[in-house]
Structure formats: C-alpha cells, structure tokens
Amino acid sequence: MSNSSSITHFLLLPFADTRELQLWHFWLFLGISLAALLGNGLIITSTACDQRLHTPRYFFLLNLSLLDLGCISTMVPKSMVNSLWDTRDISYTACAAQIFFFSFLFSSEYSLLTIMSYDRYVAICKPLHYGSLLGSRACVHRAAAAWGTGFLYALLHTANTFSLPLCGGNAVEQFFCEIPHILKLSCSHSYLREVGLLVLSCLLALGCFVFIVGSYVQIFRAVLSVPSEQGRHKAFSMCLPHLAVVSLFVSTGTFVYLKPSSFSSPSLDLVLSVLYSVVPPVVNPLIYSLRNQELKDAVRKLVTGCVSAAIHCLLSSAKGSQCRS
C-alpha cells in the first residue's frame, strides 16, 4: 500500500507502445502546438497593435487567446517529451502544477465565455447602453474576475486533491494529470470531500451555462425582430463564432465527464481528452477569424508589415555589405 508521502512521481497513460507511433505522436502534437501558437499569437498581437480592435469584444477575445495558449502549453509539452524519450514519468510536483494550471485556465476560460455572452447580449439587445455597461474599466474588472475565479477554483481543488492519502498506486489513466484520475488513486472514502467540491463546481458551471443560454434566447429574439435581412445577417455573424466556441467547449467537456462508464475504454478516453483539451485552443482562432473581416484585415496588416520590415532589413544589410566591399 503506497501513500501520498511515498509517491515521488506518477505514470501517465502513453499514446502508443511502438517507437514509430510515439514519434508520430510527437510530430502531431508539435504541429498542433505550433498551429495554436501561430493562431492565438496573431490574434493577440493584432488586437493589441490595431487601434480599431480596442473594443470590449476584442479585449475579451485577446484574453481568450491568452488562456488558450496557456491551456495547450500546460499539457502538450510534457506529453511530447514523454513520447520523444519513451517514458511515462511525471514528478509529483509537476503533476500538481499541471492540475493547478489546467483547472485555473479552463475554469477561467469558461467564466470568460460567460462574460462574452453578456457582451454579445448588450451589443445586440441594448446597443445604446453598450458604452456605459461595458466601458474600459468594466471590461477590465470582468476579465479580472474571470481570471481570479479560475485561480481560486484551481487553488482550492489542487490543495484539496493533494491533501488526500493515495493508496491506489501511481498510474494515471490519462495523458496528463487531472483531478478525477488522481481521485481514483486515493484511499477509500477519503475523496468524498473533493467530490463534494466537484459537485458544487458543477452547479456553478450549470449556472454559467443557464446564463449563456438565457443570453442567447434574448439575442435570437432581438435578431429575429430586426426587419432587414442585412441587419439580421450582421447580428448573427457577431454571435455565431462565440456560440460555436461555447458549444465546442461545453459539449466535449460534458461528454467526457458525464459519459456512462460502460461506454468507457482507455483508448476512447484518450481520444476524447484530446478533443476537449487540445483541439479547442487550435480551432478557436479559426472560428473567430473565419467570418470576421475586421480581424482578417488586422492580421493581414500585421503580417504585411512584418514581411515588409523583414525585406527592408535584408535589403539594408545587403546594401551595407556592398558598401563595405
């Protein structure tokens, strides 16, 4: 019988047993990481640099991109390293850090998506009050509340989870450390306190979901009452990206945590965990930029400016070398 005081590391679930598949996993996750870095990095830089995008809508989008970058950076690098070096180990401290940052970033993102639904509601249903309800100070306070809520949530759950005695070994049935899989290793009945906290968290998450649904019910009522087709199209184009991101976030997470145990297997759980933890940070930038002409123009302007600056720098250095010769 082992306990938490004697456990110095955990064993994560590997993606593959053969060396060839491990390398394929490494290169696949490397491509996914670079795509997430590029997409979210372009949104962050464009939003910060382009004065036209200094609005509440894009301020919250910038925060969402920061959270997405943090989410994928929390889990993917360690999984890549393990596949590259053919190991399953993660230290006790690194596992606790992974659980903390995963809980912090994902709960903050869910809170932020709830706030973004309010932003869309005010923009469409109360446009005349948009400036007063979502001024710069109000936006900063709401974003800080989302980050702060996530921090407190993560701190509470991480401290409580790792205060439990662990008697079920050190093999984690997941490719990263996650609270439900650590609870499976805890001693009998000692995890009930953390389960109670998880139930409370689910109720709070349900409250956020009800708020999002209620906001969109009001939004759709307002949009359908718009007489012009062009006005309805513009209103829908403002809401659909956020609605798609929320649907992806909620549906994948809900299915992973609430699916029946009879429908569970290690390989299926592995695929589903990738869908809800790795895919959204990559897909979110595509969803938001697909039909957003303002964001496309800002990204195009940024990329063009960077390419022009690089070409100018190369030409200047070439001229300098010719002058010296």
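Presented here is an overview of the structure given in this document.

About the thresholds
Residues numbered from 1 in each chain as written. Predicted model: local features only at pLDDT ≥ 70, side-chain atom pairs only at ≥ 80, totals over all residues. Heavy atoms only, no water. Helix = DSSP H or I, 4+ residues; strand = E, 2+ residues; numbered from the N terminus. Contact = heavy atoms within 4.5 Å. Areas by Shrake-Rupley, 256 points an atom, 1.4 Å probe, with all protein chains shown as cover. Buried < 20%, exposed > 50% of the residue type's maximum accessible area, 1.4 Å probe, protein only. Expected span 1.5 Å × (residues − 1). 1 Å grid on protein atoms, 1.4 Å probe; cavity = no way out; pocket = protein on both sides within 12 Å on 5 of 7 lines; lining within 4 Å. Points joined across faces, edges and corners; volume = space filled by probe spheres on them. Nonpolar A, V, L, I, M, F, W, Y, C, P; charged D, E, K, R; others polar. Phe/Tyr/Trp six-rings, centres within 6.5 Å; stacked < 30°, edge-to-face > 60°. Disulfide = S-S within 2.5 Å. Patch = residues over 30% accessible without salt bridge, like charges linked within 9 Å, V, L, I, M, F, W, Y side chains within 5 Å. Salt bridge = Lys/Arg side-chain N within 4 Å of Asp/Glu carboxyl O. Axes fitted to C-alpha atoms, helices over the stretch in contact; angles between N-to-C directions. Left-handed = near helix turned anticlockwise from the far one by under 90°.

## Remarks on the overall build of the chain
Within the chain, the regular secondary structure consists of eleven helices and two strands. Sequence-distant contacts, at least 24 apart, represent 78% of the contacts inside the chain between residues at least 6 apart. For the chain, the accessible surface area stands at approximately 17100 Å², while carbon and sulfur atoms represent 70% of it.

## What to know about the side chain of Thr 158
The topology assignment puts Thr 158 in helix H5 (residues 136-161). Its relative accessible area of 11% is what places Thr 158 among the buried residues. Leaving out residues up to four positions away in the same chain, Thr 158 has contacts with Ala 96, Ile 99 and Phe 100.

## Notes on helix H2 (residues 56-84)
Between its first and last C-alpha atoms H2 spans 42 Å; for 29 residues at 1.5 Å apiece the expected length is 42 Å, and the two agree. Just downstream of H2 lies Asp 86, where phi reads positive at about 55 degrees.

## A closer look at empty space enclosed by the protein
Under the definition given, this model contains one cavity of 30 Å³ or more. Counted as a void, the largest cavity has a volume near 80 Å³. Lining the largest cavity, in full, are Arg 57, Phe 60, Met 116, Asp 119, Arg 120, Met 238, Pro 241, His 242 and Tyr 288. Mapped onto the lining of the largest cavity, the elements with two or more residues apiece are H2, helix H3 (92-125) and helix H8 (229-258). The class makeup of the residues in the lining of the largest cavity is five nonpolar, one polar and three charged.

## A word on the packing of aromatic side chains
Inspection of every chain in the model, using the stated rule, returns 20 aromatic pairs. Seen from their ring centres, Phe 26 and Trp 27 are 5.2 Å apart, and the 75 degrees between their planes marks the pair as edge-to-face. Trp 27 sits in the exposed class, given a relative accessible area of 55%. Taking the centre distance of 5.9 Å and the plane angle of 25 degrees together, the rings of Phe 106 and Phe 249 count as stacked. Of this pair, Phe 106 sits in helix H3 while Phe 249 sits in helix H8, placing them 143 residues apart in sequence.

## Some details on the state of the cysteines
Scanning all chains against the criterion turns up one disulfide. Across a sulfur-sulfur distance of 2.0 Å, Cys 95 and Cys 177 are joined as a disulfide pair. Its S-S torsion of approximately -120 degrees makes the covalent link between Cys 95 and Cys 177 left-handed. Placement of Cys 95 in helix H3 and of Cys 177 in the loop between H5 and helix H6 (179-183) is noted, with a sequence separation of 82 residues between them.

## Topic: helix H10 (residues 279-290)
Here H10 spans 17 Å end to end across twelve residues, near enough to the 16 Å set by a 1.5 Å rise per residue. Along H10, the positions that sit buried rather than exposed are Pro 280, Pro 281, Val 282, Asn 284, Pro 285, Ile 287 and Tyr 288.

## Quick notes on unusual backbone geometry
Positive phi is not limited to glycine here, since Asp 86 has a value of about 55 degrees. Inspection of the secondary structure puts Asp 86 in the loop between H2 and strand E2 (89-91).

## Here's the deal with a nonpolar patch on the surface
Among the surface-exposed residues, Val 195, Val 199, Leu 200, Leu 203, Leu 204, Leu 206, Phe 209, Val 210, Val 213 and Val 217 lie close enough to one another that they form a single nonpolar patch of about 850 Å² accessible area. As for its position among the elements, Val 213 is in helix H7 (residues 192-224).

## Some words on the packing of H3 against H5
Interaxial distance between H3 and H5 falls to 7 Å at its minimum, and their mutual angle equals 145 degrees. You can see that H3 and H5 cross each other, and the crossing is right-handed. On the side of H3, the interface is formed by Ala 96, Ile 99, Phe 100, Ser 103, Phe 104, Ser 107, Ser 108, Ser 111, Leu 112, Ile 115 and Tyr 118, while H5 contributes Arg 142, Ala 146, Trp 147, Thr 149, Gly 150, Phe 151, Tyr 153, Ala 154, Leu 155 and Thr 158. Considering only residue class, the contact of H3 with H5 consists of 13 nonpolar, seven polar and one charged.

## A few points about the layout of surface pockets
The computed volume of the largest pocket comes to approximately 1600 Å³. As for the largest pocket, its lining consists of 46 residues, and the residues nearest its centre are Tyr 153, Leu 198, Cys 202, Gly 253 and Tyr 257. Where the lining of the largest pocket is concerned, the elements lending two or more residues are H3, H5, H6, H7, H8 and helix H9 (266-277). Examining the composition of the lining of the largest pocket, we find that eleven residues originate from one element, H7, more than from any other. Considering only residue class, the lining of the largest pocket consists of 29 nonpolar, 13 polar and four charged. A volume near 290 Å³ is recorded for the second largest pocket. In terms of lining, the second largest pocket is formed by Thr 55, Arg 57, Tyr 58, Arg 120, Tyr 130, Lys 234, Ser 237, Met 238, Arg 291, Asn 292, Gln 293 and Glu 294. Counting residues per element, the ones that place at least two in the lining of the second largest pocket are H2, H8 and helix H11 (293-324). Broken down by element, the residue count for the lining of the second largest pocket peaks at three residues, all from H8. The residue makeup of the lining of the second largest pocket, split by class, is three nonpolar, four polar and five charged.

All we've got here are geometric facts, nothing functional implied.
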